[in-house]
Amino acid sequence: MQNKGAIKFFAIIFALVCLFHLSFTLCTRQVEKDAKEFAMGSNIEAIATKMAEGENFKKEFYKDSLFKATEKYYLDSVSNEVVYNFLWIRKYTYKDCKNREINLGLDLKGGMNVTMEISVPDILVALAGKNAKDPNFIKAMEVARLKYQTSQSNFLTLFTNAYTEIAPNGKLASIFSFSLDKIKTNSSNEEVIKVLNEETESAIDRTYQILRTRIDRFGVAQPNIQKLSQSGRILIELPGIKEPERVRKLLQGTANLEFWKTYEFIEVYPIMEQVDKKIASIYAGLGDAIDSTGNISDSTKVAIQNETIKSDSIKKADTSKTVPSAPGEDRIKFAKEHPLFALLSPNFDQQSGQPQKGPIVGVAQSKDTLKINKMFELVKNILPRDLHLSWTHKAIDEKEIFHQLIALKGVGEKGPALTGEVITDARQDFSDRGGNEIVMQMNTTGAKVWKKITGENKGKAIAIVLDNFVYSFPIVQDEIPNGRSSITGNFTLEEAKDLANILKAGKLPAPARIVQEEIVGPTLGKESINSGLISFVIAFLLVMIYMALYYNKSGLIADIALMTNIFFIFGVLSALGAVLTLPGIAGIVLTLGMAVDANVIIYERIREELRAGKGTRLAVSDGYKNAYSAIIDGNVTTLITGIVLVLFGSGPVKGFATTLIIGILSSLFTSIFISRLIFDYFLDRNKNVPFDNKLTRYAFTKTKINFIGLRKKMYIASIVVILIGIVSLSIKGLNFGIDFTGGRSYIVRLDQNVKSNEVRQKLAAAFGEAPEVKIFGASNQIKVTTKYLINQEGSDVDSIVERKLFEGMQSFFVKSIKFEDFSTKNQDIGLLSSQKVGPTIAKDILFDAMWAIILSLFAIFAYIAVRFRKWQYGLGGLISLAHDTMITISLFSIFYGILPFTLEVDQAFIAAILTIIGYSINDTVIIFDRVRENNSLHPKHLLKDNMNDAMNSTLGRTVNTAGTTIIVLLAIFIFGGEVIRGFIFALLVGIVIGTYSSVFNAAPIAFDFLNWTEKRKKKKEIK
């Protein structure tokens, strides 16, 4: 093997890089193990017993809550501490390691997956302003909304086309020129459309920035937010979320931009002292009833005196007074006596002890802000009505540990002095000193109010607040008469641009609604991890045993290559920050079966060379050389389907495709290079490496099956199955999932076994329409699918549907259960997961799925036609793939309702179809490659003989590859869990059919077309 040194060097570097990235996962696992041990060592049992007062059910609840709180407390405390020192070169905190570990998908970790769509119709209405009442505008909007339900065009295109049809001589400038300065009254429709496109995209970008900011402040570990290729859609993944209703309100609420007057710290410090004393007295009365996060149960809350300090009675603090310090004093004692000041450090000068000027009340660690907020909530009655306390959006230190608390001063009952609707423009600029600033412009009304506010507050701060977080609080230097001002602060260029975009949201609200949602509870996620790992380990062991038994010691070398392959796959996933999902695990396990294919091709070629009388070293060398083209062709065709899945898939489908692509590339490297290095190692030391045993030595070496002669019988068999499928499809149809139809689905686990018909009747009464109810795995677990209120919009609709579901199922629980417990998705019984797909996105998913299949088929046809230089091979492969797809779909229709597991046609099913296409064409290409070789070596032989010889000589490879892949899929099917059972069934069926069609359809069809072309050519020559 040439360049052996370079390959060794690359393999070692690649392995070290993978090891480096995987080390972060190992580090976080160790820290989390320490957190669990810390929680177990705490006195949780005694506290839970005292809180439960002898009620065992409550005791377990309190024990679990306290354990999680203590565990979280430990992890928060070490979040910014160095836990990993990489070769003494670079230090990493726990937070750094957590961001670099293997990212688990929601189906493995639990959490919430949301696709949001920006409402372009609402944007156009806002841009039209008072002209939104124009009759032509209203009619064009109605026509566009109606067409948008079935069209693939974007809404703006549909609107402009509709407006042109309704008012052929109408000018769009007359509608939008009053709201947009870029549009003049004489602007052409094309110019207006260009500006509307820009404004729509800008609104989407601003909405994206707002959502990103909100999510960052929500405190979710490893959130993922990205704009999708579809116009106006944003994908948001929030692992570990346990409050979906809160998230829905957070995401769908309109951005709230406000300008506030502020208090001086010296004015509010006396109030902080009173709050500190009041909290201390409350905590002293509660004792152990308060937990580590400051929560107080309703049953243990004490009456708080209705004390109110009016704003006009605020007095200045005694400037000689400083925050009580505790040198030599026990820290716990100080925290009991001064609970607020133990967490919030007031804004005093550290040297002089004097109050600092400005609205900063104090500084606290990020992890303590929630607890401080709860303290203020407890004593809100003693706070002035016009005093509002908000945290800064940005931390004040590099490690992002500390945040400032700002004292806002309300104006009358409305609170802020000015709101964001007055902003007409905002942009990033550079200050005189070279720093970043945001220049903003207000409308006429805003300019007047702003002039008054700035004139009355010279020398004081005005706070700019977005979604209750303070972004900036600049000091007013002078009255600003024209509504044009700038915001300065310690902004980076990106932060200044982002804030400018956020400020512009005041000008153009871009309402966003949830069109697709999936929530997976941690219980179901944990079970998915367990079932996924079990299936993975079993499949891996079975493949390794099979290879060792069939190929003897050479099989062990293939096993080493497989283990290296798995190591590389996980290393690359970690390095890329890719999300590992349950279908992703299925993709990795399937890669095992496909990785074996390359080894099988190589080993079968080596065995042929050995049977031809060559020595082991020469046989190995020639075997590898002769196998390269078949391996590359086969893997490229599978790679094509993986790329199509990445382009058109979403969520789990994309996760499956990502791991499949990584697995294919990794298996190519390990099968071709790593295994060859091991062979050379043994051969250089004259070690015997057998490729067979007594049982397998002559397997598939003497087959003389006339595949071409059997082709017509096999055509008839295939046609019969397809016709049966067509009849079933026309009568019975398919069980389309909500991905393609729209709707909501729920997985519910009860504390007893139930019958689906009884549950359906109860839910029909609750919903007013009969939902689809199926037993999902165990008899106490069901899947409910409904279209109830799917066309209704609003942040409360999902909760309404969940409550209806609860009302219908409440009677099926042996133990009484509250709605709050049922819907938390955080317990062993109740609602484990939910999924929602709106009608609009369901239409797009179906459209993308159809395109994915069509594009992959023609891409593979083109590749084979070019690679083998004859279109007949490409057509044979194309018809064979269409045959595989049609039969798989037919079987899903025939067996729907018969087999005891869900056979839904959804995105995962499309992923299965595309995987089958890739696998089947892989097998077909191996045969075509051998036909091409036979035609080159034996040009005078009949094409029929060369084809039969090719299929017989590759039969051992076909059976071995199909056998190992089926073993792998059976392991996942049996042990992988109910969630992916239908998906794996489709793959199992497809692999069997694909193997059959590669032998009995693809090559024979290519043979018939080649003969037909040859006959036509001879007829033309005779004429």
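Here is what the cut-offs are and how they apply
Residues numbered from 1 in each chain as written. Predicted model: local features only at pLDDT ≥ 70, side-chain atom pairs only at ≥ 80, totals over all residues. Heavy atoms only, no water. Salt bridge = Lys/Arg side-chain N within 4 Å of Asp/Glu carboxyl O. Buried < 20%, exposed > 50% of the residue type's maximum accessible area, 1.4 Å probe, protein only. Helix = DSSP H or I, 4+ residues; strand = E, 2+ residues; numbered from the N terminus. Contact = heavy atoms within 4.5 Å. Core = buried A, V, L, I, M, F, W, Y, C linked by side-chain atoms within 4.5 Å. Patch = residues over 30% accessible without salt bridge, like charges linked within 9 Å, V, L, I, M, F, W, Y side chains within 5 Å. Areas by Shrake-Rupley, 256 points an atom, 1.4 Å probe, with all protein chains shown as cover. Lys, Arg positive; Asp, Glu negative; His and termini not counted. Charge placed at Lys NZ, Arg CZ, Asp CG, Glu CD. Axes fitted to C-alpha atoms, helices over the stretch in contact; angles between N-to-C directions. Parallel < 35°, antiparallel > 145°, perpendicular 65-115°, else oblique. Left-handed = near helix turned anticlockwise from the far one by under 90°. Nonpolar A, V, L, I, M, F, W, Y, C, P; charged D, E, K, R; others polar.

1. Considerations on the pattern of salt bridges
For side chains bearing opposite charge, pairing can occur when the charged atoms are close.
Piece 1. Within the structure shown, the criterion is met by 19 salt bridges.
Piece 2. The partner of Glu-377 in a salt bridge is Lys-380, and the shortest N-O contact between them spans 3.3 Å.
Piece 3. Residue class for Glu-377 comes out partly exposed when judged on its relative accessible area of 49%.
Piece 4. For Lys-380, a relative accessible area of 48% corresponds to the partly exposed category.
Piece 5. Between Asp-692 and Arg-697 there is a salt bridge whose closest N-O contact spans 3.1 Å.
Piece 6. Note on Arg-697: relative accessible area 33%, which makes it partly exposed.
Piece 7. Salt bridges sharing partners connect three or more residues here, namely Arg-29, Glu-32, Lys-98 and Glu-101.

2. With respect to the environment of Val-361
Piece 1. Position of Val-361 among the secondary structure elements: in strand β9 (residues 360-365).
Piece 2. The exposure class assigned to Val-361 is buried, which follows from its relative accessible area of 1%.
Piece 3. Residues Val-361 and Gln-404, 43 residues apart in the sequence, show an inter-C-alpha distance of 7.4 Å.
Piece 4. Ignoring sequence-local partners within four residues, the contact set of Val-361 consists of Phe-265, Val-268, Met-272, Leu-344, Ser-345, Pro-346, Asn-347, Leu-389, Leu-405, Ile-406 and Ala-407.

3. Things to note about the nonpolar core
Piece 1. One finds Tyr-603, Tyr-873 and Met-947 to be the most contacted residues of the largest nonpolar core, which totals 123 residues.
Piece 2. At 16 residues, helix α32 (residues 981-1022) tops the list of elements feeding residues into this core.
Piece 3. Here Tyr-603 is in contact with Met-547, Tyr-551, Ser-554, Gly-555, Ile-557, Ala-558, Phe-679 and Phe-691, once residues within four sequence places are set aside.
Piece 4. Judged by nonpolar contacts, the second largest core, of 43 residues, contains Phe-137, Ile-175, Ile-183 and Ile-215.

4. Section: a positive patch on the surface
Piece 1. Taken together, the side chains of Lys-712, Lys-1015, Arg-1016, Lys-1019 and Lys-1020 make up a positively charged region of the molecular surface.
Piece 2. Along the chain, Lys-1019 falls in helix α32.

5. Observations concerning the packing of helix α20 (residues 616-648) against helix α29 (residues 907-937)
Piece 1. Two numbers describe how α20 lies on α29: the axes approach to 8 Å, and their chain directions differ by 160°. When the axis of α20 is compared with that of α29, the two are roughly antiparallel. Of the two possible hands of crossing, α20 and α29 adopt the one that is right-handed. Mapping the contact onto sequence places Ser-629, Ala-630, Asp-633, Gly-634, Asn-635, Thr-637, Thr-638, Thr-641, Val-644 and Leu-645 in α20 and Ala-911, Leu-914, Thr-915, Ile-917, Gly-918, Tyr-919, Ile-921, Asn-922, Val-925, Ile-926, Asp-929 and Arg-932 in α29.
Piece 2. Looking at the contact of α20 with α29 residue by residue, the classes come out as ten nonpolar, nine polar and three charged.

6. Concerning a nonpolar patch on the surface
Piece 1. A surface patch of nonpolar side chains, about 570 Å² in accessible area, is lined by Phe-9, Ile-12, Ile-13, Leu-16, Val-17 and Leu-19.
Piece 2. Within the secondary structure, Ile-12 is located in helix α1 (residues 4-41).

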